[in-house]
Amino acid sequence: MKKYNVAVIGASGAVGEELFRVLEEVKFPIDTLLPLASSNSAGNPIEFNGKVYKIEELTETVFEGKGIDIAFFSAGGSISEKYAKYAVEAGAVVIDNTSHFRMDERVPLVVPEVNPHDIELWEDTGIIANPNCSTIQMVQLLKPLHDLYGIKRVDVSTYQAVSGAGKAGMEELVKQMQDFFAFKLGESECKAFAHQIALNVIPHIDIPQENGYTKEEMKMVNETAKIMDTNFALSATCVRVPVLRSHSESITITFESDVDVNVDKCREVLANFENVTVIDDMSKNEYPMPIIATDTDETYVGRIRKDLFDNNILHIWGVADQVRVGAATNAVRIALKWIKLEENN
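Just so it is clear, the structure is predicted and the values come from calculations on it, not from any experiment. (Residues numbered from 1 in each chain as written. Predicted model: local features only at pLDDT ≥ 70, side-chain atom pairs only at ≥ 80, totals over all residues. Heavy atoms only, no water.)

**Q** I'd like a rundown of the sheet that holds strand 8 (residues 127–129), residues and numbers included.
**A** One open sheet holds the 6 strands; their spatial order is 5-2-1-6-7-8, and the pairing between them is parallel. For this open sheet the edge positions go to strand 5 (56–57) and strand 8, each flanked by a neighbour on one side alone. Taken together, the 2 bridges between strand 2 (residues 30–37) and strand 5 define a ladder with parallel strand orientation. Among the inter-strand pairings, Leu-36 is bridged to a residue of strand 5, identified as Glu-56. (Pairing = 2+ DSSP bridges. Helix = DSSP H or I, 4+ residues; strand = E, 2+ residues; numbered from the N terminus.)

Quick look at the structure:
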């Protein structure tokens, strides 16, 4: 198999670190690896495939002459906005994990299990965008059900882990729990979140918008429409919960009015969908939970049940590791599909 020169921008961050793990696990065909980050992290070592690399500083010229084929950007929207073009100009395809390019009409927004054909559009800008983590795991569950019955409306409430706010979010939860057991919780600082997150839930993720929703909620609405190329109605309520890792979602799906939902058929199409695992046996206390999803590459679904009052409504519960499925793993899966496309051309 041909090997590729790969750059990882944001090599010292949470998603960057996870990218290295996923690349190792899937035995990604890497020839040379270029880890990049800010000047603060430059010179720090990282280990990959048994070899130690030093992080280099991300600059406007760092891609020149390196022959980079694939550049994973995971260092924040402002970094992608400034530096992605230099990677593209140097001949790389950019797979961007930030929100900066997601709604650009020229840039494909891809979940490989859902819309792999959109990867073919990469040549217009040289960039492929990775969706929001909550969107990724949701559309993986919506796609087979939409193909089965035709979705009319979706209502989703998310239960999002603190790692969605990065290392600072995880550290804040751990510190507040330590303070709780030391009877000092009232003294804890709230920096990563607007309120105390330990022993609490916060129905506020990202910036409030004029329509009453938050930016995170609108990401789910707008990105779903772009990925699935649909215009069904969608409403989201995004909530931060005191869980370290893996997002959960309660999803209510309204199908076309003439549909009489068959739960067994829904369970079957979900179980047969790529990278989706059904765990759904209430009699044995079996259902998806963050502790099951964490450190895995599957999207788990359970609590699959028909509405009590409307035959065309289905309720499901989905969980996935948002650092992997919602970011690093999805990016690597995009890259593997891109490689397959390039080698077939």
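From this point, things continue past the structure.
**Q** Which residues make up the packing of aromatic side chains, and what values do they have?
**A** Each aromatic ring pair is described using two quantities: the centre-to-centre distance and the angle formed by the ring planes. Tallied over the full model, the rule gives 9 aromatic pairs. Residues Tyr-83 and Tyr-86 carry aromatic rings whose centres are separated by 6.4 Å and whose planes lie at 55° to one another, so their mutual orientation is tilted. One end of the pair, Tyr-83, and the other, Tyr-86, are both in helix 2 (residues 77–89), 3 residues apart, so they sit about a helical turn from each other. Taken together through their ring pairs, the aromatic side chains of Tyr-4, Trp-122 and Trp-338 make up a single cluster. (Phe/Tyr/Trp six-rings, centres within 6.5 Å; stacked < 30°, edge-to-face > 60°.)

**Q** Any details on the packing of helix 3 (residues 133–149) against helix 8 (residues 324–344)? Residues and values, ideally.
**A** Relative placement of two packed helices is described by the angle separating their axes and the distance separating the axes. For the pair helix 3 and helix 8, interaxial distance at closest approach is 8 Å and the crossing angle is 70°. Comparing their axes, helix 8 and helix 3 come out roughly perpendicular. From helix 3, Cys-133, Ile-136 and Gln-140 reach across to helix 8, where they touch Val-325, Gly-326, Ala-327, Asn-330 and Arg-333. Class assignment for the residues of the contact of helix 3 with helix 8 results in 4 nonpolar, 3 polar and 1 charged. (Axes fitted to C-alpha atoms, helices over the stretch in contact; angles between N-to-C directions. Parallel < 35°, antiparallel > 145°, perpendicular 65-115°, else oblique. Contact = heavy atoms within 4.5 Å. Nonpolar A, V, L, I, M, F, W, Y, C, P; charged D, E, K, R; others polar.)

**Q** Before we move on, can you summarise the pairing of strand 10 (residues 233–240) with the specific residues and values?
**A** Here is the key point about a regular strand: its side chains alternate between the two faces of the sheet. The buried count for strand 10 comes to 6 of 8 residues, which makes it a mostly enclosed element. Pairing between strand 9 (residues 151–160) and strand 10: 8 bridges, direction parallel. Each bridged residue has a counterpart across the sheet, and for Tyr-159 the counterpart in strand 10 is Val-239. (Buried < 20%, exposed > 50% of the residue type's maximum accessible area, 1.4 Å probe, protein only.)

**Q** Describe the sheet that holds strand 10, with residues and values.
**A** The 6 strands are arranged 10-9-11-14-13-12 in an open sheet whose pairing can be described as mixed. Both outer strands of the open sheet, strand 10 and strand 12 (276–278), are each paired with one neighbouring strand and no more. Averaged over all pairs of adjacent strands, the angle between their axes in this sheet comes to 20°, without regard to strand direction. As paired strands, strand 9 and strand 11 (residues 247–255) are joined by 8 bridges and run antiparallel to one another. What sits directly across from Ser-157, in strand 11, is Ser-250. Helix 3 rests against strand 9, strand 10, strand 11, strand 12, strand 13 (299–306) and strand 14 (313–320) of the sheet, and its axis sits at about 30° to strand 11. The strands touched by helix 6 (residues 263–271) are strand 12, strand 13 and strand 14; relative to strand 13, the strand with the most contacts, the crossing angle is about 170°.

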